[in-house]
Amino acid sequence: TGRTYAGRLTHTGGVQCTSCHDAAQSNHTFQVADVWNQRCETCHADASRPEEIRTVHLLDYDGDANTTETLKAEIAGMAARLLAAMRSVTANGLCYDEHTNPYFFKDTDTNGTCSAAEAVSANAFSPFTPALLKAAHNYQLSQKDPGSWAHNFNYIGQLLFDSVEDVTGSPPTNMTRP
(Lines give C-alpha, C1' and ligand atoms only; values in the text may rest on other atoms or scores of the structure.)
Protein backbone atom coordinates (compact mmCIF):
# COMPACT_ATOMS: atom_id res chain seq x y z
CA THR A 1 0.00 0.00 0.00
CA GLY A 2 1.25 3.46 -0.86
CA ARG A 3 4.09 2.24 -3.09
CA THR A 4 4.69 3.13 -6.70
CA TYR A 5 5.72 0.33 -9.03
CA ALA A 6 7.34 0.25 -12.43
CA GLY A 7 4.91 0.04 -15.30
CA ARG A 8 5.25 -2.11 -18.37
CA LEU A 9 8.74 -2.77 -19.58
CA THR A 10 9.92 -0.13 -21.99
CA HIS A 11 12.68 -1.29 -24.26
CA THR A 12 14.34 0.32 -27.24
CA GLY A 13 13.95 -2.88 -29.24
CA GLY A 14 10.18 -2.95 -28.65
CA VAL A 15 7.74 -3.71 -25.88
CA GLN A 16 5.92 -6.71 -27.32
CA CYS A 17 6.90 -10.23 -26.26
CA THR A 18 7.88 -10.94 -29.85
CA SER A 19 10.37 -8.08 -29.79
CA CYS A 20 12.76 -10.44 -28.00
CA HIS A 21 11.00 -13.79 -28.43
CA ASP A 22 10.75 -13.63 -32.21
CA ALA A 23 9.01 -16.70 -33.62
CA ALA A 24 10.27 -16.37 -37.19
CA GLN A 25 13.89 -15.58 -36.42
CA SER A 26 14.10 -18.22 -33.69
CA ASN A 27 12.50 -20.94 -35.83
CA HIS A 28 9.60 -21.01 -33.35
CA THR A 29 11.70 -21.82 -30.28
CA PHE A 30 10.86 -18.36 -28.86
CA GLN A 31 14.26 -18.50 -27.12
CA VAL A 32 16.04 -15.14 -26.91
CA ALA A 33 19.36 -16.93 -27.28
CA ASP A 34 18.29 -18.01 -30.77
CA VAL A 35 17.99 -14.39 -31.94
CA TRP A 36 20.77 -12.93 -29.80
CA ASN A 37 23.20 -12.36 -32.67
CA GLN A 38 20.58 -10.89 -35.00
CA ARG A 39 18.63 -8.67 -32.61
CA CYS A 40 20.18 -8.08 -29.20
CA GLU A 41 23.94 -8.14 -29.41
CA THR A 42 24.17 -4.75 -31.13
CA CYS A 43 22.84 -2.83 -28.11
CA HIS A 44 23.93 -5.33 -25.47
CA ALA A 45 27.57 -5.46 -26.52
CA ASP A 46 28.50 -5.71 -22.83
CA ALA A 47 27.20 -9.28 -22.76
CA SER A 48 27.95 -12.40 -24.75
CA ARG A 49 24.57 -13.99 -23.95
CA PRO A 50 21.19 -12.79 -22.61
CA GLU A 51 21.81 -13.88 -19.00
CA GLU A 52 24.80 -11.52 -18.78
CA ILE A 53 22.87 -8.31 -19.47
CA ARG A 54 23.48 -5.50 -16.99
CA THR A 55 23.45 -2.19 -18.97
CA VAL A 56 21.66 0.65 -17.14
CA HIS A 57 21.14 -1.05 -13.78
CA LEU A 58 24.48 -0.28 -12.18
CA LEU A 59 23.75 -0.41 -8.45
CA ASP A 60 24.05 -3.26 -5.97
CA TYR A 61 20.40 -4.15 -5.48
CA ASP A 62 20.70 -7.34 -3.43
CA GLY A 63 23.23 -5.99 -0.93
CA ASP A 64 26.11 -8.36 -1.64
CA ALA A 65 28.52 -5.53 -2.62
CA ASN A 66 28.79 -6.84 -6.20
CA THR A 67 27.86 -4.31 -8.88
CA THR A 68 29.10 -6.41 -11.78
CA GLU A 69 26.99 -9.55 -11.37
CA THR A 70 24.16 -10.14 -13.83
CA LEU A 71 20.66 -8.81 -13.33
CA LYS A 72 19.56 -12.41 -13.02
CA ALA A 73 21.96 -12.79 -10.08
CA GLU A 74 20.71 -9.53 -8.53
CA ILE A 75 17.12 -10.82 -8.59
CA ALA A 76 18.23 -14.20 -7.23
CA GLY A 77 20.04 -12.40 -4.41
CA MET A 78 17.01 -10.26 -3.61
CA ALA A 79 14.78 -13.35 -3.64
CA ALA A 80 17.17 -15.13 -1.28
CA ARG A 81 17.03 -12.14 1.07
CA LEU A 82 13.22 -12.29 0.99
CA LEU A 83 13.14 -16.02 1.74
CA ALA A 84 15.58 -15.46 4.61
CA ALA A 85 13.33 -12.71 5.97
CA MET A 86 10.30 -14.98 5.70
CA ARG A 87 12.17 -17.73 7.52
CA SER A 88 13.31 -15.33 10.25
CA VAL A 89 9.79 -14.17 11.10
CA THR A 90 8.63 -17.78 11.27
CA ALA A 91 11.50 -18.84 13.56
CA ASN A 92 12.94 -20.77 10.60
CA GLY A 93 9.76 -22.80 10.45
CA LEU A 94 9.22 -22.32 6.72
CA CYS A 95 10.88 -23.91 3.69
CA TYR A 96 10.28 -23.65 -0.04
CA ASP A 97 10.21 -26.37 -2.69
CA GLU A 98 9.79 -24.96 -6.18
CA HIS A 99 8.67 -28.31 -7.60
CA THR A 100 5.98 -29.27 -5.10
CA ASN A 101 2.64 -27.53 -4.69
CA PRO A 102 1.82 -25.71 -2.36
CA TYR A 103 5.56 -24.76 -2.46
CA PHE A 104 5.78 -23.46 1.13
CA PHE A 105 6.03 -26.06 3.86
CA LYS A 106 6.71 -26.34 7.58
CA ASP A 107 10.46 -26.75 8.02
CA THR A 108 10.22 -29.15 10.92
CA ASP A 109 13.97 -29.59 11.25
CA THR A 110 14.61 -25.84 10.65
CA ASN A 111 17.50 -26.56 8.27
CA GLY A 112 16.26 -24.24 5.51
CA THR A 113 15.46 -26.88 2.94
CA CYS A 114 12.41 -29.02 2.40
CA SER A 115 13.15 -32.71 2.73
CA ALA A 116 10.99 -35.23 0.88
CA ALA A 117 9.13 -35.87 4.13
CA GLU A 118 8.47 -32.15 4.61
CA ALA A 119 7.42 -31.33 1.02
CA VAL A 120 4.00 -32.97 1.22
CA SER A 121 0.54 -31.40 1.22
CA ALA A 122 -0.16 -32.50 4.78
CA ASN A 123 2.83 -30.42 5.89
CA ALA A 124 1.84 -27.25 4.04
CA PHE A 125 2.82 -24.07 5.83
CA SER A 126 -0.40 -22.52 7.07
CA PRO A 127 0.13 -19.81 9.70
CA PHE A 128 0.42 -17.09 7.05
CA THR A 129 0.06 -13.49 8.16
CA PRO A 130 -1.13 -11.03 5.50
CA ALA A 131 2.43 -9.75 5.02
CA LEU A 132 3.83 -13.27 4.82
CA LEU A 133 1.20 -14.33 2.29
CA LYS A 134 1.97 -11.34 0.04
CA ALA A 135 5.69 -12.07 0.38
CA ALA A 136 5.11 -15.73 -0.52
CA HIS A 137 3.22 -14.68 -3.64
CA ASN A 138 5.96 -12.26 -4.69
CA TYR A 139 8.70 -14.78 -3.96
CA GLN A 140 6.85 -17.41 -6.01
CA LEU A 141 6.44 -14.93 -8.87
CA SER A 142 10.20 -14.33 -8.88
CA GLN A 143 10.85 -18.07 -8.99
CA LYS A 144 8.28 -19.11 -11.56
CA ASP A 145 9.22 -16.46 -14.11
CA PRO A 146 12.87 -17.34 -14.73
CA GLY A 147 13.13 -14.31 -17.01
CA SER A 148 11.71 -11.81 -14.52
CA TRP A 149 15.10 -10.06 -14.46
CA ALA A 150 14.65 -9.34 -18.18
CA HIS A 151 10.89 -9.03 -18.41
CA ASN A 152 10.79 -6.19 -15.90
CA PHE A 153 13.78 -5.98 -13.56
CA ASN A 154 12.51 -2.84 -11.85
CA TYR A 155 9.09 -4.28 -11.06
CA ILE A 156 10.21 -7.65 -9.71
CA GLY A 157 13.01 -5.96 -7.75
CA GLN A 158 10.53 -3.52 -6.21
CA LEU A 159 8.22 -6.39 -5.21
CA LEU A 160 11.06 -8.29 -3.54
CA PHE A 161 12.46 -5.23 -1.75
CA ASP A 162 9.03 -4.13 -0.49
CA SER A 163 8.17 -7.66 0.61
CA VAL A 164 11.29 -7.83 2.79
CA GLU A 165 10.29 -4.52 4.35
CA ASP A 166 6.66 -5.60 4.81
CA VAL A 167 7.58 -8.92 6.43
CA THR A 168 10.27 -7.56 8.75
CA GLY A 169 8.76 -4.16 9.48
CA SER A 170 11.83 -2.19 8.39
CA PRO A 171 13.66 -1.42 5.14
CA PRO A 172 16.21 -4.08 4.24
CA THR A 173 19.77 -3.06 5.04
CA ASN A 174 22.22 -2.83 2.14
CA MET A 175 19.54 -3.50 -0.48
CA THR A 176 18.55 -0.92 -3.08
CA ARG A 177 15.02 -0.60 -4.37
CA PRO A 178 15.04 -0.35 -8.18
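Scroll up for the structure.
Because the structure is a prediction, the values reported are computed rather than measured.

Lay out a nonpolar patch on the surface in plain terms, naming residues and giving numbers.
Taken together, the side chains of Tyr5, Leu141 and Tyr155 present a nonpolar region at the surface, about 240 Å² in accessible area. As for its position among the elements, Tyr5 is in the segment before α1 (17-20).

Give a description of the pattern of salt bridges that names residues and reports values.
Scanning the entire structure with this criterion turns up five salt bridges. One salt bridge connects Arg177 with Asp162, and the closest N-O pair in it is separated by 2.8 Å. Placement of the pair is Arg177 in the segment after α5 (148-168) and Asp162 in helix α5, with a sequence separation of 15 residues. On the basis of relative accessible area, Arg177 is assigned to the partly exposed category, the value being 25%. Of the residues examined, Asp162 reaches a relative accessible area of 8% and is grouped as buried.

Which residues make up the state of the cysteines, and what are the values?
Counted according to the given criterion, the structure contains one disulfide. The disulfide partner of Cys95 is Cys114, and the gap between their sulfur atoms is 2.1 Å. Taking the torsion about the S-S bond as the criterion, the Cys95 to Cys114 disulfide, at about 110°, is right-handed. With Cys95 in strand β1 (residues 94-96) and Cys114 in the loop between β2 (104-106) and α4 (130-144), this residue pair connects regions lying 19 residues apart in the sequence.

Give me the nonpolar core: which residues, what numbers.
Counting residues in each nonpolar core, the largest one holds 28 residues, and the members touching the most others are Ile75, Met78, Leu82, Met86, Phe104, Tyr139 and Leu160. Within the residue set of this core, elements represented by two or more residues are α3 (71-89), β1, α4 and α5.

How would you explain the packing of aromatic side chains if you had to name every residue and give the values?
Across all of its chains, the model carries eight aromatic pairs by this definition. On the numbers, 5.0 Å between centres and 55° between planes, the contact of Tyr96 with Phe104 is tilted. Residue Phe104 is classed as buried on the basis of its relative accessible area of 5%. On the basis of an interplanar angle of 85° and a centroid distance of 6.4 Å, the ring pair of Phe104 and Phe128 is categorised as edge-to-face. Note that Phe104 is positioned in strand β2 and Phe128 in the loop between β2 and α4, a separation of 24 residues in sequence. For Phe128, a relative accessible area of 26% corresponds to the partly exposed category. Three or more aromatic residues joined by ring pairs form one cluster here, namely Tyr96, Tyr103, Phe104, Phe125, Phe128 and Tyr139. Over the ring of Tyr5 we find Arg177, and its NZ or CZ is 5.2 Å from the ring centre.

Let's hear about the packing of α3 against α5: which residues, and what values?
α5 packs onto α3 with a crossing angle of 20° between their chain directions and a minimal axis gap of 9 Å. Here α3 lies roughly parallel to α5, going by the angle between them. For α3 against α5, the interelement crossing comes out left-handed. Packed against α3, whose contacting residues are Leu71, Lys72, Glu74, Ile75, Met78, Ala79, Arg81, Leu82, Ala85, Met86 and Val89, the element α5 presents Ser148, Trp149, Phe153, Ile156, Gly157, Leu160, Phe161, Ser163, Val164, Val167 and Thr168 at the interface. Its residues assigned to classes, the contact of α3 with α5 comprises 15 nonpolar, four polar and three charged.

Explain unusual backbone geometry to me, using residue names and the numbers behind them.
The omega angle of the peptide bond from Asn101 to Pro102 is 15°, so this bond is cis rather than trans. Mapped onto the elements of the fold, Pro102 is located in the loop between β1 and β2. You will see that Asn174, though not glycine, has its phi angle at about 70°, which is positive. Mapped onto the elements of the fold, Asn174 is located in the segment after α5.

Summarise the packing of α3 against α4; cite the residues concerned and give the values.
The N-to-C vectors of α3 and α4 enclose an angle of 150°; their axes lie 10 Å apart at closest approach. Considering the angle they form, α3 stands roughly antiparallel to α4. Every pair of crossing elements has a handedness; the one defined by α3 and α4 is left-handed. Contacts between α3 and α4 pair Ala79, Leu82, Leu83, Met86 and Val89 from the former with Leu132, Ala135, Ala136, Tyr139, Ser142 and Gln143 from the latter. Classifying every residue of the contact of α3 with α4 gives nine nonpolar, two polar and no charged.

Cut-off values and rules
- Residues numbered from 1 in each chain as written.
- Predicted model: local features only at pLDDT ≥ 70, side-chain atom pairs only at ≥ 80, totals over all residues.
- Heavy atoms only, no water.
- Patch = residues over 30% accessible without salt bridge, like charges linked within 9 Å, V, L, I, M, F, W, Y side chains within 5 Å.
- Areas by Shrake-Rupley, 256 points an atom, 1.4 Å probe, with all protein chains shown as cover.
- Salt bridge = Lys/Arg side-chain N within 4 Å of Asp/Glu carboxyl O.
- Helix = DSSP H or I, 4+ residues; strand = E, 2+ residues; numbered from the N terminus.
- Buried < 20%, exposed > 50% of the residue type's maximum accessible area, 1.4 Å probe, protein only.
- Disulfide = S-S within 2.5 Å.
- Core = buried A, V, L, I, M, F, W, Y, C linked by side-chain atoms within 4.5 Å.
- Phe/Tyr/Trp six-rings, centres within 6.5 Å; stacked < 30°, edge-to-face > 60°.
- Lys NZ or Arg CZ within 6 Å of the ring centre and 35° of its normal.
- Axes fitted to C-alpha atoms, helices over the stretch in contact; angles between N-to-C directions.
- Parallel < 35°, antiparallel > 145°, perpendicular 65-115°, else oblique.
- Left-handed = near helix turned anticlockwise from the far one by under 90°.
- Contact = heavy atoms within 4.5 Å.
- Nonpolar A, V, L, I, M, F, W, Y, C, P; charged D, E, K, R; others polar.

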